[in-house]
Amino acid sequence: MIELLLFYVFAAVLLFAATMVITAKNPVHSALFLVLAFFNSAALWLMAEAEFLGIALVLIYVGAVMVLFLFVVMMLDINLVSMREGFARYLPIGALVGCVMVVEMALVVGSQDVNLIHGVSAAEGVGMSNTKALGSVLYTVYAYPFEIASVVLLVAIVAAIMLTHRRRPDTKHQNIDRQVRVRKEQRLRIVTMAPEKRK
Amino acid sequence: MAEFANLVWIVAKIVALVVPLFIAVAYMTYAERRVIGWIQWRKGPNRVGIYGLLQPIADAGKLLMKEVVIPQNANRFLFLLAPLFSIIPALAAWAVLPLGDGLVVADIDAGLLYVLAMTSMGVYGVIVAGWASNSKYALLGAMRAGAQVVSYEIAMGFALVGVLMAAGSLNMSEIVHAQQGPFWEWFWLPLLPLFIVYWVSGVAETNRLPFDVAEGESEIVAGFHVEYSGMAFAIFFLAEYANMILIAGLATTMFLGGWYSPFHGIGYLGPIFDLVPGTIWFCLKAGFFLFGYFWFRGTFPRYRYDQIMRLGWKVLIPVTVVWLVVESVFILTGFGPWF
């Protein structure tokens, strides 16, 4: 009873937050609503006994990705009026993407092979904790796809760094090692002079 | 009806945890000022009540009665919400921390992950406060805090990976059980580099000295909470100290054997020391870390911002990665009494 109630609360807040992400006027508000949406979907996953996925969603998306996202959005000086203009122009392509997603979801949910309604939760099915089950599958059955995915991510990281990294000879660069190794004699000059007499 | 009774029981457990926590936070502020006073050869607060013991209550009363000033061009809603973003994760993470054998609000399997997720959310309070204040100093403080917390989270996460490899579980109680024994069998010894990395990044995560560039009084006035006053400021303060106690408690749980006495399981000494309840041992060990916080504050000058980033990315993260490899060798060879 309480569980069902909680589900509807989380689901309602999730839908509300998701709608606000695309309708909020201020981009910072949009980003914060996206955080709320992530958080509520994590709560829904927890209720489905997928605790590893739920907590990982909070850890990675809420804790790291959205923080950086929020940074960028806060730094941008966005002209709100010019953002409104594109709304009608991009509406058809947005609607198309939305339709494709709905059809895809319908295929998954309606499929005979994916039994969502009477499925067993991961913890019950394997008889061990969620994290352990996921880890053992990931490193045995799906070892190669997992490794390949990680290499793809590594390539993306290297590419992103290569694209943004450029040598700028004119910047003032601090050499920390040299700073640390500085001795007193290199910086301080003690001058001996005769004391002056007060007149 | 049974569900309702269960709900009441959960709420009772939460209250039994949070009320002592708030009292501890209040007296942390007192202890900090006294300890810093001693370090700096002065007395600290000693006028309100005997030995100044009523000082935190006087401070709380003062903050309660002050006006919460909202800057004219601030984003009113987020400005008032930001302190809550700060305090809620700081309190929520306490749910999985075992204060004694079986003395835990929620004994969940993915406890360590949960803690990591909750501590990573605390930064929202700082960022939102900095942005909503519509002030240069506040935004600068928020930027610094955000970059710092995101960077040190990685080192912290790697240190926790080392703990979970050694314990073979993500459950906090299981982690403590894995360390059962005298003090040299706790994880601090085989995981010494990770322990130090965790401690340093714990100080950085809570934005405490010598890593307090988010506040940096001499540079950016008070950083992200420069526009806050009264109770809104008090909540930020509360969150900071609750986070400090949390980091101390986590370090105790993961590296110093949680509720076990330092001589657990040795001949005659073990049973004598076991007479002291486990919660007291837990608090003593956490107190050691908390004293460390004050000690650092009284000893070290503030790091420069680029030095903080260098320490996080170029020193702490490589150390953790190397030690994870070493630890894997330990586990494979069954090294010492730990693995």
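Residues numbered from 1 in each chain as written. Chains lettered and ligands numbered in written order. Predicted model: local features only at pLDDT ≥ 70, side-chain atom pairs only at ≥ 80, totals over all residues.

(A) Inspection of the overall build of chain A at higher detail. A tally of regular secondary structure across chain A gives nine helices and zero strands. Ordered by position from N to C terminus, the α and β elements of chain A give α-α-α-α-α-α-α-α-α. Burial status across chain A gives 14% buried among its 199 residues. Contacts in chain A between residues far apart in sequence, at least 24 positions, make up 51% of those at least 6 positions apart. (Helix = DSSP H or I, 4+ residues; strand = E, 2+ residues; numbered from the N terminus. Buried ≥ 20, exposed ≤ 12 C-beta atoms within 10 Å, placed from the backbone. Contact = placed C-beta atoms within 7 Å.)

(B) Here's a closer look at the overall build of chain B. Within chain B, the secondary structure is distributed over 13 helices and zero strands. Going residue by residue from the N terminus, the α and β elements of chain B occur as α-α-α-α-α-α-α-α-α-α-α-α-α. Against the 2.2 N^0.38 benchmark of 20 Å for 339 residues, chain B shows a C-alpha radius of gyration of 21 Å, consistent with a compact globule. Its C-alpha atoms give chain B principal-axis dimensions of about 65 × 55 × 50 Å. (Rg over C-alpha atoms; globule rule 2.2 N^0.38 Å.)

(C) Representation of the interface of chain B and chain A in the model. Between chain B and chain A, the residue contacts involve 17 residues of the former and 20 residues of the latter. Of all the elements in the fold, those that place two or more residues in the side of chain B that touches chain A are α4 (111-121), α5 (123-132), α6 (136-167) and α13 (305-333) of chain B. Broken down by element, the residue count for the side of chain B that touches chain A peaks at six residues, all from α4(B). Class assignment for the residues of the side of chain B that touches chain A results in 11 nonpolar, two polar and four charged. (Nonpolar A, V, L, I, M, F, W, Y, C, P; charged D, E, K, R; others polar.)

(D) Looking closely at the environment of B:Gly122. All names here are of chain B. Its place among the elements puts Gly122 in the loop between α4 and α5. C-alpha of Gly122 to C-alpha of Ser86: the two residues are 36 residues apart in sequence and 5.2 Å apart in space. Gly122 has contacts with Ser86, Pro89, Ala90 and Asn243, leaving out every residue within four places of it along the chain.

(E) Just the packing of helix α3 (residues 51-75) of chain A against α4(B), in detail. Packing of α3(A) against α4(B) leaves a shortest axis separation of 9 Å and a crossing angle of 20°. By the angle between their axes, α3(A) is roughly parallel relative to α4(B). Where α3(A) crosses over α4(B), the handedness of that crossing is left-handed. Here A:Ile55, A:Val58, A:Leu59, A:Val62, A:Gly63 and A:Ala64 of α3(A) come into contact with α4(B), specifically with B:Leu113, B:Tyr114, B:Leu116, B:Ala117, B:Ser120 and B:Met121. Residues that form the contact of α3(A) with α4(B) fall into these classes: 10 nonpolar, two polar and no charged. (Axes fitted to C-alpha atoms, helices over the stretch in contact; angles between N-to-C directions. Parallel < 35°, antiparallel > 145°, perpendicular 65-115°, else oblique. Left-handed = near helix turned anticlockwise from the far one by under 90°.)

(F) Region of the structure containing the environment of B:Glu205. Residue and element names in this part refer to chain B. Along the chain, Glu205 turns up in helix α8 (residues 192-205). Considering only alpha carbons, one finds Glu205 and Pro45, 160 residues apart in sequence, at a separation of 28 Å. Contact partners of Glu205, with chain neighbours within four places excluded, come to Thr119, Val149, Tyr152, Glu153, Met156 and Ile247.

(G) Molecular detail of the nonpolar core. All names here are of chain B. With 122 residues, the main nonpolar core has Ala142, Ile245, Ala251 and Phe255 as its most contacted residues. Considering each element in turn, this core owes the most residues, 17 residues, to helix α10 (residues 230-255). Not counting residues up to four positions away in its chain, the partners in contact with Phe255 are Trp186, Phe187, Trp188, Leu191, Phe195 and Tyr198. (Core = buried A, V, L, I, M, F, W, Y, C linked by C-beta atoms within 7 Å.)

(H) Representation of unusual backbone geometry in the model. All names here are of chain B. In this model, Trp41 sits at a positive phi of 60°, which is unusual for a non-glycine residue. Note that Trp41 resides in the loop between α1 (2-39) and α2 (55-65). The exposed category is assigned to Trp41, around which 6 C-beta atoms lie within 10 Å. At Tyr51, a residue that is not glycine, the phi angle is positive and equals roughly 55°. Relative to the helices and strands, Tyr51 is located in the loop between α1 and α2.

(I) Summary view of the packing of α8(B) against α10(B). Residues and elements named next belong to chain B. Between α8 and α10, the least distance of the axes is 10 Å, while the angle of their chain directions is 165°. Of the possible angle classes, the one that applies to α8 and α10 is roughly antiparallel. The chirality of how α8 crosses α10 is right-handed. Here α8 contributes Phe195, Tyr198, Trp199, Gly202 and Glu205 to the contact with α10, which in turn contributes Ile247, Ala251 and Phe255.

(J) Molecular detail of α13(B). All names here are of chain B. The end-to-end C-alpha separation of α13 is 41 Å, in line with the 42 Å expected for 29 residues at 1.5 Å each. Every buried residue of α13 is listed here: Ile308, Leu311, Gly312, Leu316, Thr320, Trp323 and Glu327. Of the surrounding secondary structure, the elements contacted by the buried residues of α13 are α6 and α8. Just downstream of α13 lies Gly334, where phi reads positive at about 65°. (Expected span 1.5 Å × (residues − 1).)

(K) Up close: the confidence of the model for chain A. Summary statistics for chain A give a mean pLDDT of 82 and a share of 86% for residues scoring 70 or more. The least confident element of chain A is helix α5 (residues 122-126) of chain A, whose mean pLDDT is 52; the most confident is helix α7 (residues 143-164) of chain A, at 92. (pLDDT = per-residue confidence, 0-100.)

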